[in-house]
Amino acid sequence: MQMGGLHREKAWLCLVLILSQISCSIGFRRISSAAIGSSFLKNNNRFPSPLANKEDGEESSTVHKPSFVLQNLLDLRGGAKRGGGRTASLSGSRSKSKTERSATGKKKVGAAAKAAEKENKSALSDTLSKYKKILPLTRLHITLVGVTTMLGLILGEEMTQALLALDPTRIMYGLEVWRPFSAAAFLGPPSIGWLMSGYYLFEYGSTLERAYGTAQHFMFLGLQILSLTILSILTGQPFFAQSLITSMLHVLSRSMPHQKVKWLIFTVPYWSLPYGLMATDVLQAQSAMAALPHILGILSGHMYYFHKFVWPKLGHVDWLVPPTFIQKRLDPQAATDEASNKESINKALKNRKRSKGRKLGSSK
């Protein structure tokens, strides 16, 4: 019986080696020696041990285990072992390393996406913060330029003219009171000229508002829209946004006329800059009619400059002083400072009236 068991073990061992070689050469990785070894271990349960005690009439509960040499061969070929073994640990470590690598890769991709999203948010927040830092009236004017430009792109040229252009009949009888404001904000479709005009609006509008205050800039814009509306209706101009920008530049140039500034490649006095921009537009359009908006802007701007800075010096009343409620609403700090200055002047005058005069020649 023992000899028969040894022969069976040798036969199974040869079969295991042959089948493992065949599976490796053909490429069927699923049929491995591990599966064959495990089936061999399972099938060994069917063969009773030769040391079983048959004389007592009891069934033997012992199982014939593979020999030491067979077990080493199974370990060498990657056979499966109960309770875990070398093959299970290697495969587990490989799958774990693959999982870690994939997880690490996902984390890297997720980090890159989060970084890109953070950069986009930071760029958007920077743009919004810069937009909010623009002075109030200039920011409102730039916003109206953007809104009217979008409406012009959506509606088309004909509908834009019908909806946004100056029309005295519709303003007076149709009560379409938005037309002077839309005419002051529409710069045409997006182009290089539109971009340059937007830059000039931001530059000159911010400079004026910063120099004279928001309340005084409100008075300037109100007078310009009123005067340019009248002049544009008389000359047949549907829009006067370019004229408004020229009027801003003219007022700034009159404040410091002899300062040297750069225009293109030339150094010119500040007072000549509006005329230089007018000459540039005439040369680009190759038409003398391109000078008309600039001429209207220079006229309306000079009217404001004369009544604000020249007229009071001749002894007349400055009627372009903003009302108190506008100062409190737009320039609360300036209104507070002005009120404190008035109080200090009144106190000084009262103290001077109450004090006694000194006699001539007195030391005290």
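Residues numbered from 1 in each chain as written. Predicted model: local features only at pLDDT ≥ 70, side-chain atom pairs only at ≥ 80, totals over all residues. Heavy atoms only, no water.

Caption draft 1: Representation of the overall build of the protein chain within the structure. Across its full length, the protein chain holds 15 helices and two strands. Residue burial in the protein chain is summarised as follows: out of 364 residues, 29% are buried. Restricting the contact set of the protein chain to residue pairs at least 6 apart, pairs at least 24 apart contribute 63%. Of the accessible surface of the protein chain, which amounts to about 25300 Å², a share of 63% is contributed by carbon and sulfur atoms. (Helix = DSSP H or I, 4+ residues; strand = E, 2+ residues; numbered from the N terminus. Buried < 20%, exposed > 50% of the residue type's maximum accessible area, 1.4 Å probe, protein only. Contact = heavy atoms within 4.5 Å. Areas by Shrake-Rupley, 256 points an atom, 1.4 Å probe, with all protein chains shown as cover.)

Caption draft 2: Quick peek at the pairing of strand β2 (residues 266-269). Pairing between strand β1 (residues 260-263) and β2: four bridges, direction antiparallel. For lysine 262, the partnering residue across the bridge sits in β2 and is threonine 267. Hairpin connection, β1 to β2: the antiparallel pair is bridged by two residues, and leucine 264 has positive phi, about 60°. (Pairing = 2+ DSSP bridges.)

Caption draft 3: Region of interest: the packing of helix α10 (residues 214-235) against helix α13 (residues 292-310). Running from N to C, α10 and α13 point in directions that differ by 135°, and their axes come no closer than 10 Å. The orientation of α10 relative to α13 falls into the category oblique. Note that α10 runs across α13; the crossing there is right-handed. Of the residues in α13, those in contact with Gln216, Phe220, Leu223, Gln224, Ser227, Leu228, Leu231, Ser232 and Thr235 of α10 are Leu292, Leu296, Gly297, Ser300, Gly301, Met303, Tyr304 and Lys308. Across the contact of α10 with α13, the residue classes tally to eight nonpolar, eight polar and one charged. (Axes fitted to C-alpha atoms, helices over the stretch in contact; angles between N-to-C directions. Parallel < 35°, antiparallel > 145°, perpendicular 65-115°, else oblique. Left-handed = near helix turned anticlockwise from the far one by under 90°. Nonpolar A, V, L, I, M, F, W, Y, C, P; charged D, E, K, R; others polar.)

Caption draft 4: Summary view of unusual backbone geometry. Located in the positive-phi region is leucine 175, a residue other than glycine, with phi close to 55°. The residue leucine 175 is located in the loop between α7 (168-173) and α8 (179-185) in this model. Assessed through its relative accessible area of 62%, leucine 175 is described here as exposed. A positive phi angle, close to 55°, is found at glutamine 286, a residue other than glycine.

Caption draft 5: Up close: helix α11 (residues 241-255). Between its first and last C-alpha atoms α11 spans 22 Å; for 15 residues at 1.5 Å apiece the expected length is 21 Å, and the two agree. Where α11 is buried, its residues contact α5 (136-155), α8, α9 (192-212), α10, α12 (273-285) and α13. (Expected span 1.5 Å × (residues − 1).)

Caption draft 6: Representation of the nonpolar core within the structure. Judged by nonpolar contacts, the single largest core of 39 residues is most densely connected at Tyr204, Phe220, Phe240, Met248 and Leu273. Put simply, the parts of the chain that give this core at least two residues each are α5, α8, α9, α10, α11, β1, α12 and α13. At seven residues, α11 tops the list of elements feeding residues into this core. When neighbours within four sequence positions are excluded, phenylalanine 240 is seen to be in contact with Leu166, Pro180, Ala183, Ala184, Ile225, Leu228, Thr229 and Ser232. (Core = buried A, V, L, I, M, F, W, Y, C linked by side-chain atoms within 4.5 Å.)

No statement about biological role is implied by the geometric values presented.
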